[in-house]
Amino acid sequence: MTFSATTVLVLALVAALVVALGVWAYSTANRLDRLHVRTDLAWHALDGALARRAVVARAVAVSLSGPAPSDPGADPKPAELARRLTVLADRAERTGRDDREAVENQLAVTLSAVDIARLPPQQVAELADAEARVLIARRFHNDAVRDTLALRTRRPVRWLRLGGTAPMPAYFEIAERATPAAATGLDVDTTRVSARVAILDEQDRILLMRGHDPMLPEVSFWFTVGGGVEPGESLRAAAVRELHEETGYTADPAGLRGPLWRRVAVFPFNGDLIRSEELFFALRVTEFAPEPADLTYVEQRSITGSRWCGPADIRALDAAGETVYPYHLDELLAEASRAADADTDPEVRSIR
């Protein structure tokens with residue numbers, strides 16, 4: 001039995017495709033397994049931070065149950081608050097993963113009602129430290145979940161069941177509260193407001209900046225143009241100023257549309273723990289080559305480049321391990337494009 005050259009070629013191509021598919025599936029399954037491991041480790045770290053906060057909450061309850069320094073027994077509320085803290089701390093330690101989020105939110109809200117003036121200074125520091133570590137651990141956990149879901153929810157991965165029997169990871173969202181960070185080594189900025197700009201060219205590509213934490217130069221990420229609002233400055237004026245400082249582009253304030261998005265972010269940067277409320281404008285421009293005009297010293301150390309990106313480019317950056325902020329920006333570009341071309345400002349909505 002003989003085979004024609006065409007048949008041999010077709011068989012060879014089929015065999016090559018099967019081998020390529022097998023290699024891709026094997027490498028993808030391995031990568032997904034590593035992402036699941038990372039997610040599990042991040043959850044254990046978050047679980048430990050939450051457990052420590054529960055212990056501190058119980059200690060706070062003990063302090064609140066004592067007499068007030070100025071007028072003993074005058075106000076029964078601290079005692080009631082102490083009882084609730086004790087109950088919620090116990091419940092948080094015993095509740096399973098599925099119901100943990102709701103209980104931790106209740107504990108966070110109750111802690112926000114505590115008058116820290118009634119606590120010893122050392123306990124204030126311990127509470128601030130515990131809450132700051134919860135915020136950091138939650139951020140890294142949610143980053144790990146996002147990266148895992150980004151790969152696991154792809155159609156080929158789902159079709160071939162490369163995720164195996166591992167449960168689908170889920171985000172962990174809890175209320176945030178910042179307390180004075182004296183003696184914790186973590187400076188929590190609770191008042192920073194940032195004006196950011198989604199700058200879109202004629203092809204609906206967005207201009208992103210590449211940077212890193214000066215203390216972690218090996219970990220790069222991408223973000224939109226913008227920065228903190230200075231005292232007495234409006235959001236729109238801050239957006240125009242930051243745009244010029246970081247790219248050299250001078251925009252007409254009337255050309256900005258927004259704010260269209262609001263994002264509350266908590267992240268460590270340059271040794272500090274930053275809490276920032278970010279408000280995003282949209283702006284349509286003709287493509288230009290960014291040339292920074294007036295970067296601060298920290299920006300000079302942390303910003304390493306820029307790039308015009310479409311949805312596919314953003315997904316490729318995420319897949320390469322270089323996180324893009326805000327999350328799911330590839331899915332948000334169409335909304336930003338509509339806002340940039342509109343005659344009126346859109347209604348602001350929250351994003352991650």
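These figures come from a predicted structure and were not determined experimentally. (Residues numbered from 1 in each chain as written. Predicted model: local features only at pLDDT ≥ 70, side-chain atom pairs only at ≥ 80, totals over all residues. Heavy atoms only, no water.)

Caption draft 1: View of unusual backbone geometry. The linkage connecting glycine 258 with the following residue, proline 259, adopts the cis geometry, with an omega of 5°. Residue placement: proline 259 occurs in strand S4 (residues 257-269). Here the amide bond leading from tyrosine 325 into proline 326 is cis, since omega sits at 0°, within 30 degrees of zero. On the secondary structure map, proline 326 appears in the loop between strand S7 (323-324) and helix H9 (329-341). Phi is positive for arginine 161, close to 55°, though the residue is something other than glycine. Tracing the backbone shows arginine 161 in the loop between helix H5 (155-159) and strand S1 (188-200). Positive phi values are uncommon outside glycine, yet aspartate 204 reaches one of about 60°. Looking at the secondary structure, you find aspartate 204 in the loop between S1 and strand S2 (206-213). (Helix = DSSP H or I, 4+ residues; strand = E, 2+ residues; numbered from the N terminus.)

Caption draft 2: Broad picture of the packing of aromatic side chains. Per the counting criterion, the structure on display carries 7 aromatic pairs. Residues tryptophan 43 and phenylalanine 172 carry aromatic rings whose centres are separated by 5.6 Å and whose planes lie at 55° to one another, so their mutual orientation is tilted. With a gap of 129 residues between them, tryptophan 43 in helix H1 (residues 5-64) and phenylalanine 172 in the loop between H5 and S1 connect regions that are remote in the sequence. Tryptophan 43 gets classed as buried once you look at its relative accessible area, which sits at 16%. An aromatic cluster is built from Phe221, Phe223, Tyr325 and Tyr327, whose rings are joined through pairwise contacts. The side chain of arginine 263 reaches across the aromatic face of tyrosine 327, ending 5.7 Å from its centre. (Phe/Tyr/Trp six-rings, centres within 6.5 Å; stacked < 30°, edge-to-face > 60°. Buried < 20%, exposed > 50% of the residue type's maximum accessible area, 1.4 Å probe, protein only. Lys NZ or Arg CZ within 6 Å of the ring centre and 35° of its normal.)

Caption draft 3: A look at the pairing of S2. Taken across its 8 residues, S2 has 7 buried, putting it largely inside the fold. Here S2 pairs with strand S6 (residues 303-309) via 6 bridges, running antiparallel. Across the sheet, residue isoleucine 206 finds its bridge partner in S6, namely cysteine 309. By the bridge criterion, 6 bridges tie S2 to strand S3 (residues 216-228) in an arrangement that is antiparallel. Note on S3: the bridge partner recorded for histidine 212 is serine 220. In this structure, the hairpin formed by S2 and S3 is closed by a connection of 2 residues. (Pairing = 2+ DSSP bridges.)

Caption draft 4: Structural detail: the side chain of arginine 53. Considering the arrangement of structural elements, one finds arginine 53 in helix H1. Here arginine 53 is in contact with Glu104, Leu107, Ala108, Leu111, Ala130, Glu131, Val134 and Ile174, once residues within four sequence places are set aside. (Contact = heavy atoms within 4.5 Å.)

Caption draft 5: Highlighting the domain arrangement of the protein. For the protein, the domain assignment lists domain 1 (6-160) and domain 2 (190-350). Taking the mean C-alpha position of each, domain 1 and domain 2 sit 27 Å from one another. For the pairing of domain 1 and domain 2, the buried interface totals around 910 Å² over both sides, and the portion due to carbon and sulfur atoms is 56%. Looking only at domain 1, the three residues that lose the most surface to domain 2 are Leu135, Arg139 and Arg146, adding up to 57% of its buried area. Inspection of the domain 1/domain 2 interface yields 1 salt bridge. Here aspartate 318 and arginine 146 are joined by a salt bridge, their closest N and O atoms 3.3 Å apart. Along the contact surface separating domain 1 from domain 2 lie 4 residue pairs in polar contact (both at pLDDT 80 or more). Residue contributions to the side of domain 1 that touches domain 2 peak at 6 residues, all from helix H4 (residues 121-152). Its residues assigned to classes, the side of domain 1 that touches domain 2 shows 3 nonpolar, no polar and 5 charged. (Domains from an automatic or database assignment. Buried area = accessible area lost by both parts, 1.4 Å probe. Salt bridge = Lys/Arg side-chain N within 4 Å of Asp/Glu carboxyl O. Polar contact = N/O pair within 3.5 Å; in protein donor to acceptor, adjacent residues only side chain to side chain. Nonpolar A, V, L, I, M, F, W, Y, C, P; charged D, E, K, R; others polar.)

Caption draft 6: The arrangement of the layout of surface pockets in detail. Within this model, the second largest pocket holds a volume of roughly 260 Å³. Taken together, His36, Thr39, Asp40, Trp43, His44, Arg97, His141, Ala166, Pro167, Met168, Pro169 and Ala170 make up the lining of the second largest pocket. Broken down by element, the residue count for the lining of the second largest pocket peaks at 5 residues, all from H1. Here the lining of the second largest pocket is composed, by residue class, of 6 nonpolar, 4 polar and 2 charged. (1 Å grid on protein atoms, 1.4 Å probe; cavity = no way out; pocket = protein on both sides within 12 Å on 5 of 7 lines; lining within 4 Å. Points joined across faces, edges and corners; volume = space filled by probe spheres on them.)

Caption draft 7: Quick peek at H4. Over its 32 residues, H4 extends 46 Å from the first C-alpha to the last, a length consistent with the 46 Å expected when each residue adds 1.5 Å. Across the 32 residues of H4, 26 count as buried, placing the element largely inside the fold. (Expected span 1.5 Å × (residues − 1).)

Caption draft 8: Just the pattern of salt bridges, in detail. Summed over all chains, the structure comprises 23 salt bridges. When the shortest N-O distance is used, the salt bridge between arginine 146 and aspartate 147 registers 2.9 Å. The closest approach of N and O atoms between arginine 236 and aspartate 345, which form a salt bridge, is 3.5 Å. One end of the pair, arginine 236, is in helix H6 (residues 235-247); the other, aspartate 345, is in the loop between H9 and strand S8 (349-350), with 109 residues separating them in the sequence. Judged by relative accessible area, arginine 236 falls into the partly exposed class, the value being 23%.

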